[in-house]
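Observations on the model geometry
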Amino acid sequence: MKIAIFGTGVVGETIASKLVALGHEVKMGSRTAGNEKAVAWAEKAGPRASQGTFADAAAFGEILFNCTLGAGSLAALEAAGRENLKGKVLIDISNPLDFSKGMPPTLFVSNDDSLGEQIQRAFPELKVVKSLNTMSCTVMVDPSMLPGEHVVFVSGNDAGAKAQVKQILTEGFGWKQVVDLGDITTARGTESFLPLWIRLWGALRTADFNVQIVKKG
Ligand SMILES: NC(=O)c1ccc[n+]([C@@H]2O[C@H](COP(=O)([O-])OP(=O)(O)OC[C@H]3O[C@@H](n4cnc5c(N)ncnc54)[C@H](OP(=O)(O)O)[C@@H]3O)[C@@H](O)[C@H]2O)c1
C-alpha cells in the first residue's frame, strides 16, 4: 500500500520506518521538499521510501498519518491540499501541546473540543481516526516490548475507516487490544490523557510504558 507520513520528527520517522519494514511504500512529507531529516530517512530506509512536501505525500498516499506538531497540524493539512485529501483515511497521532509557557506543556484545546475534532471539522473530506497519541512512538510500533494486554484507542466517525486502522494496528503493528472509544469527540479523552502521561514519564523515568484496562467481567 502507498502511505503518506506528514511529519519529519521522531514519530514520523518511527512510523514511516515500521511501515517500510512491513513492505509498504512510504512518502514522508514536510513543509519543504528536501527537508534534511526526510532526505536522511529516505536514504536510510531504502527504495520503498521517498520524501517531498506535504502535498507530494498527500497525493501519493492512499492512507495518511498525521505526525506533525499539534500547533502546526491544520497548516500542514492545508498545505497538503484538499484535493489530495479527498476521501482518504487520516490516522491522527498529534497532540495539542502548548509549549509556549515552558515545561510541562498545557493543552491548547481541551474539555469541550479536541485537535482531532478541529481537524475533522476543517477537513470534512478526510476520514479522521485519532489513535496512537497516548504512548511513546517506540511503543506505538512495537507493543510487544511491554508485557501484558495494554491498549491502544481509536476515535472516529467512520466505521470503515476505523476498521482499516484497526487492521494496521493489529496485523501490522502487533496490537492485541484496540479499544474503540466512539466518534471523533472521544479524542477529547485521549488528548486529555497527555497531562497525566507527561507526569508518569517524569515519575517512572521512562517513556516505555502504557495503559492497561482492568475491568470486572
Ligand atoms: N514523541 C512521541 O513519542 C509522541 C507520542 C505521541 C504523540 N506525539 C505527537 O506526535 C506529533 C509529532 O511529534 P514529533 O515529536 O515527532 O514531531 P514534532 O516536532 O512535534 O513535529 C514535527 C513536524 O511538524 C511540522 N511542523 C512544525 N510546525 C509546523 C507548522 N507551523 N506548520 C506545519 N507543520 C509544522 C514539521 O514540519 P517540517 O518537516 O517542515 O519541519 C515536522 O514535520 C506531535 O503532535 C506530538 O504531540 C508524539
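Residues numbered from 1 in each chain as written. Predicted model: local features only at pLDDT ≥ 70, side-chain atom pairs only at ≥ 80, totals over all residues. Heavy atoms only, no water.

**Focus: the overall build of the protein**
- In terms of helices and strands, the protein carries ten helices and ten strands.
- For a compact globule of 217 residues, the expected C-alpha radius of gyration is about 17 Å, and the protein comes in at 16 Å, within 12% of that figure.
- Dimensions of the protein, computed from the C-alpha atoms along their principal axes, are close to 45 × 40 × 35 Å.
- In the protein, which comprises 217 residues, the share counted as buried stands at 48%. (Helix = DSSP H or I, 4+ residues; strand = E, 2+ residues; numbered from the N terminus. Rg over C-alpha atoms; globule rule 2.2 N^0.38 Å. Buried < 20%, exposed > 50% of the residue type's maximum accessible area, 1.4 Å probe, protein only.)

**A few points about the sheet that holds strand S2 (residues 25-30)**
- A sheet is described by the order of its strands in space; here eight strands give the open sequence S3-S2-S1-S4-S5-S8-S9-S10, paired in mixed fashion. The two strands at the open ends of the sheet, each matched to only one other strand, are strand S3 (49-53) and strand S10 (177-182). Across the sheet, the mean angle from the axis of one strand to that of its neighbour is 25°, orientation sign disregarded.
- Looking at chain direction, strand S9 (residues 151-156) and S10 are connected through five bridges and run parallel. Bridge pairing links Val151 to Gln177 in S10.
- This element, helix H6 (residues 115-122), spans strand S4 (63-66), strand S5 (89-92) and strand S8 (127-131) of the sheet and lies at about 170° to S8.
- The sheet contacts of helix H8 (residues 159-172) involve S4, S5, S8, S9 and S10, and relative to S9 the element is tilted by about 160°. (Pairing = 2+ DSSP bridges. Axes fitted to C-alpha atoms, helices over the stretch in contact; angles between N-to-C directions. Contact = heavy atoms within 4.5 Å.)

**Brief notes about the site of the ligand**
- The environment of the ligand is made up of 25 residues, and the closest members are Thr8, Val11, Ser30, Arg31 and Thr68.
- Between Ser30 and the ligand, the recorded distance is 2.9 Å, taken from a side-chain N or O atom to an oxygen atom.
- The contact in question runs from an oxygen atom of the ligand to an N or O atom on the backbone of Arg31, over 2.9 Å.
- Counting only elements with at least two residues in the shell around the ligand, the list comes to helix H1 (10-21), helix H4 (73-80) and helix H7 (137-140).
- Partitioned by chemical class, the residues of the shell around the ligand number twelve nonpolar, twelve polar and one charged. (Near = heavy atom within 4 Å. Polar contact = N/O pair within 3.5 Å; in protein donor to acceptor, adjacent residues only side chain to side chain. Nonpolar A, V, L, I, M, F, W, Y, C, P; charged D, E, K, R; others polar.)

**Observations concerning the packing of aromatic side chains**
- One pass over the full model with this rule turns up three aromatic pairs.
- On the numbers, 5.9 Å between centres and 85° between planes, the contact of Phe6 with Phe54 is edge-to-face. Within this pair, whereas Phe6 is found in strand S1 (residues 2-6), its partner Phe54 is found in helix H3 (residues 54-60), the two being separated by 48 residues in sequence. Phe54 shares its class with Phe6; the two are buried.
- With a centroid separation of 5.2 Å and an interplanar angle of 25°, the aromatic rings of Trp197 and Phe209 are classed as stacked. (Phe/Tyr/Trp six-rings, centres within 6.5 Å; stacked < 30°, edge-to-face > 60°.)

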